[in-house]
Amino acid sequence: MARPRFLSRFLAHPAERPALDWQGSTYTFGELRALGEGAAGWLAGRGVKAGDRVGIQLENGIELVAAHLGCMALGAVRVPLNAHYRALELAPIIEDATPALVITATPEHFSVVRCEPAVGSEPAAGSWDGGELTALLFTSGTTGRPKGAPQTWQMWESNLDALQQRWALSSDDVLWLTLPLFHTHGLVLGLHGAWLRGARVLLSPRFDPVEPPDNATHFYGVPTYYRRWLPLMQAHPEWFTHFRLMVSGSDGLGAELSDAVFEATGQRILERYGMTETVMICSNPFDGERRAGTVGTPLRDTEVRIVEGEVQVRGPGVFAGYWPRPEPGAFTDDGFFRTGDAGALDEAGSLMIVGRKKDLVIVGGVNVSPAEVEAVLGRAPGVAEIGCCGLPDSDLNEIVVAAVVPDGTVELIALRRNLEAAAAALSGLKRPRRYAFVSALPRNALGKLQRGRLPKEVSFDA
Ligand code: MLC
Ligand code: AMP
């Protein structure tokens with residue numbers, strides 16, 4: 001198999017250049033290569049072959065990095081799995097991804113695959129000659145079932161090159177990376193984006209609003225990170241002066257928060273917009289005006305249009321379709337992907353995301369399908385009907401709330417307990433933060449639940 005150019009570029013960085021800092025140790029690009037080859041030997045020793053899919057359910061750390069590098073060296077396709085997901089949420093993903101192996105810290109969540117606890121090192125293997133596919137990322141479907149979005153090296157390379165040209169990213173840059181590495185934002189933009197350029201990554205286990213490392217030049221976050229950081233920015237603006245660029249994405253930043261950060265630090269956060277299915281679509285510029293409240297203009301070679309209020313996109317970063325369950329209607333006849341986001345262009349051609357046409361709640365930058373939450377909580381004893389939606393939240397941007405029609409068989413106190421017990425099968429951000437008990441749900445003439453009416457028509461207690 002031919003080596004993807006993306007990998008050739010990664011392997012061409014000088015062996016002695018620092019590539020990763022993790023818990024006090026610095027790894028050079030040469031050491032990452034050796035780590036990958038060791039991990040590829042470990043995978044091969046467990047029967048994994050080039051082209052196989054490997055699930056990786058780990059929190060940020062050197063084990064996660066080694067697992068990814070091992071797959072890259074062996075030519076296996078990575079399936080990043082959300083480290084917070086429980087058995088119930090993992091089951092449909094595993095069913096669709098059919099991985100040869102899953103590397104996880106919580107093997108009890110898997111019943112259908114062989115699981116291994118941690119990455120060791122065995123004799124080197126791996127030619128870094130993978131196929132076209134590099135990863136299969138699962139994104140919350142609006143129907144409740146996560147959808148597999150295959151990622152090619154080519155998608156990432158063309159998209160990241162266009163993005164980084166706009167951001168003037170260079171090998172001298174140092175990215176403080178606190179995003180989880182199982183979403184597009186942390187994995188593709190963060191880890192792979194930095195390494196494509198030969199830049200250095202300072203990896204943290206998670207985001208905490210603390211003083212940033214003083215050698216960091218770049219930071220990427222979801223709006224919640226900036227909101228939690230704001231008091232510290234106001235108290236210690238000098239802690240943020242070494243950043244050359246701070247970026248926000250995965251959810252709307254809003255002009256108010258953007259302005260507050262600017263007033264505190266003099267830094268105008270650069271907002272960009274993307275999706276797992278498309279990598280990045282639009283971005284504000286590094287040089288030139290960053291328009292608060294907009295996500296900027298389309299990247300090079302990417303076409304964006306608004307049709308009946310919906311953002312549609314076509315370009316080399318856009319995936320070829322869901323796998324293994326293609327979705328009829330995901331693309332228009334002329335090849336534009338329907339994002340499900342509602343948008344408008346301002347007079348300067350910058351895109352504004354004004355809402356969502358899809359039934360999705362974004363909690364702290366994490367997509368939650370209300371249909372999935374309803375399916376799980378709908379089974380709680382005492383529930384006749386349930387409808388979930390998002391409500392604005394001053395920390396997480398949005399939270400999930402649930403309107404429940406009791407079936408009358410249990411007291412309300414017991415019903416609430418049953419709902420909370422059922423919700424425990426879901427990862428934390430998906431669980432409703434508030435419940436309302438109602439006599440009926442808003443439905444259209446055909447009986448279809450109208451989630452968009454819930455926030456207006458139901459009063460959710462705090
Ligand atoms: C935390 N939890 C999650 C989760 N993070 N559940 C699912 N997915 C996640 N990513 C759960 C925990 O298990 C816990 O459950 C509960 O939420 C609270 O955990 P916490 O760590 O105390 O939460 P908190 O500090 O509030 O974390 C929230 C957060 C974090 C915003 C800091 O979620 C985060 O880092 N979000 C970033 C998400 C991201 O990277 N999005 C990019 C998507 S890519 P329990 O059981 O313990 O209560 C994309 C494309 C693009 O959108 O354009 O970028
Ligand atoms: P994901 O499926 O996790 O990749 O999430 C993609 C979705 O995140 C998009 O369809 C948007 O709804 C949302 N999103 C990403 N970036 C932004 C942004 N800058 N502003 C508003 N929404 C965003």
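(A) Highlighting the sheet that holds strand S24 (residues 434-437). Strand order in this open sheet of 3 strands is S22-S23-S24, and the pairing throughout is mixed. Pairing within the sheet leaves two strands with one partner each, and these edge strands are strand S22 (383-393) and S24. The average undirected angle you get between the axes of adjacent strands in this sheet is 25 degrees. Of the strands in this sheet, S22, strand S23 (397-406) and S24 touch helix H9 (residues 370-377), which is tilted by about 145 degrees from S22.

(B) A look at helix H2 (residues 29-45). Here H2 contains 17 residues, and its C-alpha end-to-end distance of 24 Å stays within 8% of the 24 Å for a straight helix at 1.5 Å per residue. All buried positions along H2 are accounted for by Phe 29, Leu 32, Arg 33, Gly 36, Gly 38, Ala 39, Ala 40, Gly 41, Trp 42 and Leu 43. Positioned one or two residues after H2, Gly 47 has a phi angle of 90 degrees, which is positive.

(C) Examining the packing of aromatic side chains more closely. One pass over the structure, following the stated rule, counts 24 aromatic pairs. Between Trp 176 and Trp 229, the aromatic rings sit 5.9 Å apart at their centres with planes inclined by 45 degrees, giving tilted as the arrangement. Taken together, the residues Trp 176 in strand S9 (residues 174-177) and Trp 229 in helix H7 (residues 223-235) connect sequence positions 53 residues apart. Each of the two residues, Trp 176 as well as Trp 229, counts as buried. Connected via pairs of aromatic rings, a cluster forms that spans Trp 176, Phe 207, Phe 219, Tyr 225, Tyr 226, Trp 229, Phe 240 and Phe 243. Note that Arg 268 overlies the ring of Phe 262, its terminal NZ or CZ placed 4.6 Å from the centroid. We note Arg 305 situated over the ring of Phe 336; from NZ or CZ to the ring centre the distance is 3.7 Å.

(D) Region of the structure containing the packing of H7 against helix H8 (residues 255-265). Relative to each other, H7 and H8 sit at 30 degrees, their axes nearing to 10 Å. Comparing their axes, H8 and H7 come out roughly parallel. Crossing geometry of H7 relative to H8 is assigned as left-handed. Taking contact as the criterion, the partners of Pro 223, Tyr 226, Arg 227, Leu 230, Met 233 and Gln 234 in H7 are, on H8, Leu 257, Ala 260, Val 261, Ala 264 and Thr 265. Taken together, the residues that form the contact of H7 with H8 break down as 8 nonpolar, 2 polar and 1 charged.

(E) Examining unusual backbone geometry more closely. The omega torsion across Trp 323 and Pro 324 is 0 degrees, close enough to zero to call that bond cis. Among the secondary structure elements, Pro 324 is positioned in the loop between strand S17 (310-314) and strand S18 (337-345). The backbone of Thr 98 sits at a positive phi, close to 35 degrees, despite the residue not being glycine. For Thr 98, a relative accessible area of 48% corresponds to the partly exposed category. Although it is not a glycine, Glu 308 sits at a positive phi angle of roughly 50 degrees. With respect to the helices and strands, the residue Glu 308 is situated in the loop between strand S16 (303-307) and S17.

(F) Fine view of the site of ligand 2. The environment of ligand 2 is formed by 16 residues, the closest being Arg 272, Thr 276, Asp 341, Lys 358 and Asn 367. Within the side chain of Thr 139, an N or O atom sits 3.0 Å from an oxygen atom of ligand 2. Measuring from an oxygen atom of ligand 2, one finds a side-chain N or O atom of Asn 367 at 2.7 Å. Considering each element in turn, the shell around ligand 2 owes the most residues, 5 residues, to strand S13 (residues 270-275).

Thresholds applied
Residues numbered from 1 in each chain as written. Chains lettered and ligands numbered in written order. Predicted model: local features only at pLDDT ≥ 70, side-chain atom pairs only at ≥ 80, totals over all residues. Heavy atoms only, no water. Pairing = 2+ DSSP bridges. Helix = DSSP H or I, 4+ residues; strand = E, 2+ residues; numbered from the N terminus. Axes fitted to C-alpha atoms, helices over the stretch in contact; angles between N-to-C directions. Contact = heavy atoms within 4.5 Å. Expected span 1.5 Å × (residues − 1). Buried < 20%, exposed > 50% of the residue type's maximum accessible area, 1.4 Å probe, protein only. Phe/Tyr/Trp six-rings, centres within 6.5 Å; stacked < 30°, edge-to-face > 60°. Lys NZ or Arg CZ within 6 Å of the ring centre and 35° of its normal. Parallel < 35°, antiparallel > 145°, perpendicular 65-115°, else oblique. Left-handed = near helix turned anticlockwise from the far one by under 90°. Nonpolar A, V, L, I, M, F, W, Y, C, P; charged D, E, K, R; others polar. Near = heavy atom within 4 Å. Polar contact = N/O pair within 3.5 Å; in protein donor to acceptor, adjacent residues only side chain to side chain.

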